[in-house]
Amino acid sequence: MTSPNKSPFVIGQIEGYSKEFSNLISMMDYTRETTIWDVQDLSVEELDYRVNGIGNSIGMLLAHLVAVEKIYQFITFDGKDLPDEEIERYAETLQPALDLGEAATIIHGNTAEFYLEDLKKTREITLQHFQKLEDSWLYETTPWWNNELGNNYFKWFHVFEDELSHRGQIRIIKKQYEFAATKSSTKS
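Let me sum up the structure you'll find in this document. Everything quoted here is computed from the prediction, not taken from an experiment. (Residues numbered from 1 in each chain as written. Predicted model: local features only at pLDDT ≥ 70, side-chain atom pairs only at ≥ 80, totals over all residues. Heavy atoms only, no water.)

**Focus on the pattern of salt bridges**
Once their charged atoms are close, side chains differing in charge can pair, the charge on each being opposite to the other. What counts, and what does not: Think of a salt bridge as a Lys or Arg side-chain nitrogen and an Asp or Glu carboxyl oxygen that are within 4 Å of each other. For the purposes of this entry, the term helix denotes a DSSP run of H or I that reaches at least four residues, the term strand denotes a run of E that reaches at least two, and both are numbered from the N terminus. Burial classes follow relative accessibility: with a 1.4 Å probe on protein chains only, a residue under 20% of its type's maximum area counts as buried, one over 50% as exposed, and anything between as partly exposed.
Enumeration according to the criterion identifies six salt bridges in this entry. Measuring nitrogen to oxygen at the nearest pair gives 4.0 Å for the salt bridge that ties Asp38 to Lys174. Of this pair, Asp38 sits in helix 1 (residues 19-39) while Lys174 sits in helix 8 (residues 152-187), and the two are 136 residues apart along the sequence. Neither residue differs from the other here; Asp38 and Lys174 are each classed as buried. Here the residues in one salt-bridge network are Arg32, Glu69, Arg123 and Glu163, joined through shared partners.

Below, the structure written as structure tokens:
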């Protein structure tokens, strides 16, 4: 998922992208690469595990990452919120994945490969759009949260910042799963 011929630990120029997009993509690549490292070898059982049977599973969080990126593609590339008919079209997966919690409990039974492929395809669309845009696009502002302005740079920062936050949750869920598995094996 990392850009070819570039260390994930270097923020800098990526062939085919402008300077500012290269910097943004470098950060997005590192974030995604570390997410992949954490989930690529998980079983379906681990991906579906919910601590004490409540909260979000790792699979739900991975679906959330895809949903957030898809929404931000629409918001920033098309310049408007996702219309209700688009949300309805994705009602079975997109909205529950955005909402998380009980609404997202329908997201289960998928392999790590399923989630990773969805993440990859979604990111490819983002990168295709980024390649066509000028750096100035990143600095375009629109009304955003709490009657404040937000620029496209912040919006895409938020996409990978959200992933970083949820990756922390993923790591906690993994530890809880390991603890529960150890605890149940010692009872046997």
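After that view of the structure, there is still more to cover.
**A word on the packing of aromatic side chains**
Just so we agree on the cut-off: Any two rings among Phe, Tyr and Trp, with Trp reduced to its six-membered ring, count as a pair given centres within 6.5 Å; such a pair is stacked if its planes are under 30 degrees apart, edge-to-face if over 60, and tilted if neither.
Taken as a whole, this structure holds 16 aromatic pairs when the rule is applied. Ring geometry for Phe77 against Phe130: centres 6.0 Å apart, planes inclined by 85 degrees, an arrangement best described as edge-to-face. In this pair, Phe77 sits in helix 3 (residues 58-77) while Phe130 sits in helix 6 (residues 112-132), placing the two residues 53 residues apart along the sequence. Taking the relative accessible area as the measure of exposure, Phe77 reaches 19% and is therefore buried.

**Comments concerning unusual backbone geometry**
Residues other than glycine seldom take positive phi values, yet Leu100 does so here, at roughly 60 degrees. Along the chain, Leu100 turns up in the loop between helix 5 (94-99) and helix 6. Under the relative-accessibility criterion, Leu100 is labelled buried at 10%. The backbone of Asn147 sits at a positive phi, close to 60 degrees, despite the residue not being glycine.

**Some words on the packing of helix 1 against helix 3**
For clarity, the threshold we go by: Fitting a line to C-alpha atoms yields each axis, with helices limited to the stretch in contact; the angle taken between N-to-C directions then spans 0 to 180 degrees. For classification, angles of less than 35 degrees are called roughly parallel, those exceeding 145 degrees roughly antiparallel, those between 65 and 115 degrees roughly perpendicular, and all remaining angles oblique. In this scheme the handedness of a crossing depends on how the near helix is turned from the far one: anticlockwise by less than a right angle means left-handed, clockwise means right-handed. In what follows, residue pairs with any heavy atoms lying within 4.5 Å of each other are defined as contacts. Charged residues are taken to be Asp, Glu, Lys and Arg, nonpolar residues to be Ala, Val, Leu, Ile, Met, Phe, Trp, Tyr, Cys and Pro, and polar residues to be all remaining types, Gly included.
The interhelical angle for the contact between helix 1 and helix 3, taken along N-to-C directions, is 155 degrees, at an axis separation of 12 Å. As judged from the angle between their axes, helix 1 and helix 3 are roughly antiparallel. Crossing handedness for the pair helix 1 and helix 3: left-handed. Residues Arg32, Thr35 and Val39 of helix 1 touch helix 3, and the partners they reach there are Ile58, Leu62, Leu65 and Glu69. By residue class, the composition of the contact of helix 1 with helix 3 is four nonpolar, one polar and two charged.

**Observations concerning the nonpolar core**
As a reminder of what qualifies: To define a nonpolar core, start from buried Ala, Val, Leu, Ile, Met, Phe, Trp, Tyr and Cys residues and group those joined through side-chain atoms within 4.5 Å.
Leu24, Ile58, Leu62, Phe130 and Trp156 are the most contacted members of the largest nonpolar core, which totals 45 residues. Elements supplying a minimum of two residues to this core: helix 1, helix 3, helix 5, helix 6, helix 7 (135-138) and helix 8. When sequence neighbours within four positions are dropped, the list of residues in contact with Leu24 reads Phe130, Leu138, Tyr153, Trp156, Phe157 and Phe160.

**What about the environment of Lys155?**
Inclusion rule: Residues adjacent in sequence count toward polar contacts only when both atoms are side-chain atoms; beyond that, a polar contact is any pair of N or O atoms within 3.5 Å, and within protein one must be able to donate a hydrogen and the other to accept it.
Mapped onto the elements of the fold, Lys155 is located in helix 8. Taking the relative accessible area as the measure of exposure, Lys155 reaches 2% and is therefore buried. Considering only alpha carbons, one finds Lys155 and Gln73, 82 residues apart in sequence, at a separation of 9.9 Å. Setting aside chain neighbours within four positions, we find Lys155 in contact with Tyr72, Thr76, Thr142, Trp144 and Gly150. Within the structure, the side chain of Lys155 is placed 2.4 Å from the side chain of Thr142, a separation counted as a polar contact.

**Concerning a nonpolar patch on the surface**
Put simply, the test is: Each patch groups residues whose relative accessible area exceeds 30% and which form no salt bridge, using 9 Å between like charges and 5 Å between nonpolar side chains of Val, Leu, Ile, Met, Phe, Trp and Tyr. Residue burial considers only the protein chains on display, and all accessible areas are found by Shrake-Rupley using a 1.4 Å probe.
Together, Phe9, Tyr30 and Trp37 make up an exposed nonpolar region whose accessible area comes to about 350 Å². By secondary structure assignment, the location of Tyr30 is in helix 1.

**Observations regarding helix 1**
To keep it simple, the criterion reads: One less than the residue count of a helix, multiplied by 1.5 Å, gives the span that helix is expected to have.
Here helix 1 spans 30 Å end to end across 21 residues, near enough to the 30 Å set by a 1.5 Å rise per residue. A large share of helix 1 lies buried, amounting to 17 of its 21 residues.

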